[in-house]
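As a plain string of letters, each chain reads:
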Amino acid sequence: MEQSRVAGTVILNQQDGHKKFLVQKDQETVSFIQTTIDTNYTSLACILDKLTQSVGLNSDAMDLVELTNINIEDEKLPLFVFSLDEENIETSVLNSEFLWEEPSTLRMVLQHFNVSGVPFLN
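The text that follows walks through the structure, step by step, so that each part is easy to find. Just so you know, these numbers come straight off a predicted model, no measurement behind them.

### A closer look at the pairing of strand 5 (residues 63-72)
Thinking step 1. Taken together, the nine bridges between strand 5 and strand 6 (residues 75-85) define a ladder with antiparallel strand orientation. What sits directly across from L67, in strand 6, is F80.

Next comes the structure, spelled out in structure tokens:
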């Protein structure tokens, strides 16, 4: 049986009022950050672990602002959207696998998925 996955992104609230979104880069494409769900933990715990361990973000500084579902390759995944203020991160902490991208990039990413209940990302 294939393990279930979970996806997520983080809205970065910049000090100048602009917003950026955290995405994962795979060669020349970007997508939501994804990880497998460990059966000992909730899907929320698994995506938070990915964001803290792989990306280096502080989960205590993030707020969950949206939860919806997306379909990837006939698999329904929960999509968690978190919010984080710029003063709570070190922008140099990201490795080349993860990027802060403009809202236009996230709109392109969303076009590749069937989203159940479009997330309200203001």
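Now that the structure has been shown, we can carry on.
### Let's talk about helix 2 (residues 103-110)
Thinking step 1. Among the residues making up helix 2, those that are buried are T105, L106, V109 and L110. Projected down its long axis, helix 2 carries its buried residues within an arc of 145°, all on one side. Relative to its buried face, helix 2 has exposed residues pointing more than 90 degrees away, namely R107 and M108.

### Observations concerning the nonpolar core
Thinking step 1. Ranked by internal contacts, the top residues of the largest apolar core, which has 19 residues, are V10, L22, L51 and L57.
Thinking step 2. For this core, the secondary structure elements donating two or more residues are strand 1 (5-13), helix 1 (43-53), strand 6 and strand 7 (98-101).
Thinking step 3. In contact with L51, other than residues within four places in its own chain, are V10, L22, I33, G56, L57, M62 and F82.
Thinking step 4. Formed by 13 residues, the second largest nonpolar core is a distinct cluster that contains I11, F21, L79 and L106.

### Concerning the packing of aromatic side chains
Thinking step 1. Per the stated rule, a full pass over the model turns up one aromatic pair.
Thinking step 2. Both rings, one in F80 and one in F82, keep their centres 6.4 Å apart while their planes meet at 20°; by these two values the pair is stacked. Pair check on accessibility: F80 and F82 agree, each one buried.

### With respect to unusual backbone geometry
Thinking step 1. With a phi angle near 55°, Q27 is a residue other than glycine that sits in the positive phi range.
Thinking step 2. Position of Q27 relative to the elements: it lies in the loop between strand 2 (19-26) and strand 3 (29-31).

### Overview of the pattern of salt bridges
Thinking step 1. In total, this model carries two salt bridges according to the counting rule given.
Thinking step 2. The salt bridge partner of R5 is E75, with a shortest N-O separation of 2.8 Å. In this pair, R5 sits in strand 1 while E75 sits in strand 6, placing the two residues 70 residues apart along the sequence. The exposure classification of R5 matches that of E75, with both residues buried.
Thinking step 3. As a salt-bridge pair, K20 and E102 come within 3.6 Å of each other at their nearest N and O atoms. Of this pair, K20 sits in strand 2 while E102 sits in the loop between strand 7 and helix 2; the two residues are 82 residues apart in sequence, bridging distant segments of the chain.

Quick notes on the rules
Per chain, residue numbering runs from 1 following the sequence as it is written. Per-residue local features of the predicted model are confined to residues with pLDDT of at least 70, and side-chain atom pairs are confined, for both listing and counting, to 80 or more; whole-chain, interface and lining totals are unaffected and use all residues. Think of the side-chain values as coming from all heavy atoms in the structure, minus any hydrogens and water. When DSSP locates at least two bridges between a pair of strands, those strands are taken to pair. Think of it this way: any DSSP run of H or I at least four residues long counts as a helix, any run of E at least two long counts as a strand, and we number them from the N terminus. The buried label goes to any residue with under 20% of its type's maximum accessible area, the exposed label to any with over 50%, and the partly exposed label to all in between, with areas taken from a 1.4 Å probe on protein chains only. It is the directions from the helix axis to the C-beta atoms whose arc is reported. To define a nonpolar core, start from buried Ala, Val, Leu, Ile, Met, Phe, Trp, Tyr and Cys residues and group those joined through side-chain atoms within 4.5 Å. Residue contacts follow a heavy-atom distance rule, with two residues in contact if any of their heavy atoms lie within 4.5 Å. Pairing of aromatic rings covers Phe, Tyr and the six-membered ring of Trp, with a centre-to-centre limit of 6.5 Å; geometry is then stacked below 30 degrees between planes, edge-to-face above 60, and tilted otherwise. Salt bridges are counted wherever a side-chain nitrogen of Lys or Arg sits within 4 Å of a carboxyl oxygen of Asp or Glu.

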